[in-house]
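An overview of the molecular structure
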Amino acid sequence: MNNNFRIILYIVIFSISSIILFYFTPTNAFDKKELLSMMVSVISIIVAILVTYLFSKLFAEKTIRIERKKEIDEFSKKKLHT
């Protein structure tokens, strides 16, 4: 049910966006260089956000693993001394 709703929502949003784009963009005033530079800027920002997110997740997992190892070492020392 949830997947079907997402698919239908995607199709509706894509259709409306396409209609608005084709209807309100005159072909004689279409500037390819401006559009290309804007697309490169947007893609660069999105890639930067994704890379930052992935590295933060990676370092968070590494920190959690190090903390867990410290706890395991403490418990093993307690177990050996008793």
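Higher on the page you've got the structure.
Residues numbered from 1 in each chain as written. Predicted model: local features only at pLDDT ≥ 70, side-chain atom pairs only at ≥ 80, totals over all residues. Heavy atoms only, no water.

**Remarks on the overall build of the chain**
Within the chain, the secondary structure is distributed over 2 helices and 0 strands. Expressed as lengths along the three principal axes of its C-alpha atoms, the size of the chain is roughly 85 × 40 × 10 Å. For the chain, the distance from the average site of its 12 positive side-chain charges to the average site of its 7 negative ones is 6 Å. (Helix = DSSP H or I, 4+ residues; strand = E, 2+ residues; numbered from the N terminus. Lys, Arg positive; Asp, Glu negative; His and termini not counted. Charge placed at Lys NZ, Arg CZ, Asp CG, Glu CD.)

**Topic: the packing of aromatic side chains**
Using the criterion set out here, one finds 3 aromatic pairs in the structure. Measuring from centroid to centroid gives 6.2 Å for tyrosine 10 and phenylalanine 14, while their planes differ by 15 degrees, and the two rings are stacked. Here phenylalanine 14 and tyrosine 10 lie together in helix H1 (residues 2–24), a separation of 4 residues that amounts to about one turn. Overall, the relative accessible area of 56% leaves tyrosine 10 in the exposed class. Taking the centre distance of 6.3 Å and the plane angle of 25 degrees together, the rings of phenylalanine 55 and phenylalanine 59 count as stacked. Placement of both phenylalanine 55 and phenylalanine 59 in helix H2 (residues 32–81) is noted, with a separation of 4 residues, approximately one turn of the helix. Looking at phenylalanine 55, the relative accessible area reads 46%, which means it is partly exposed. (Phe/Tyr/Trp six-rings, centres within 6.5 Å; stacked < 30°, edge-to-face > 60°. Buried < 20%, exposed > 50% of the residue type's maximum accessible area, 1.4 Å probe, protein only.)

**Side note on a nonpolar patch on the surface**
Taken together, the side chains of Phe30, Leu35, Met39, Ile43, Val47, Val51, Phe55, Leu58 and Phe59 make up a nonpolar region of the molecular surface, amounting to roughly 840 Å² of accessible area. For valine 47, the position within the fold is in helix H2. Given the relative accessible area of 44%, valine 47 is considered partly exposed. (Patch = residues over 30% accessible without salt bridge, like charges linked within 9 Å, V, L, I, M, F, W, Y side chains within 5 Å. Areas by Shrake-Rupley, 256 points an atom, 1.4 Å probe, with all protein chains shown as cover. Salt bridge = Lys/Arg side-chain N within 4 Å of Asp/Glu carboxyl O.)

**Observations regarding the environment of tyrosine 23**
Tracing the sequence through the fold places tyrosine 23 in helix H1. Judged by relative accessible area, which is 64%, tyrosine 23 ranks as exposed. Between the C-alpha atoms of tyrosine 23 and arginine 6, which are 17 residues apart in sequence, the distance is 25 Å.

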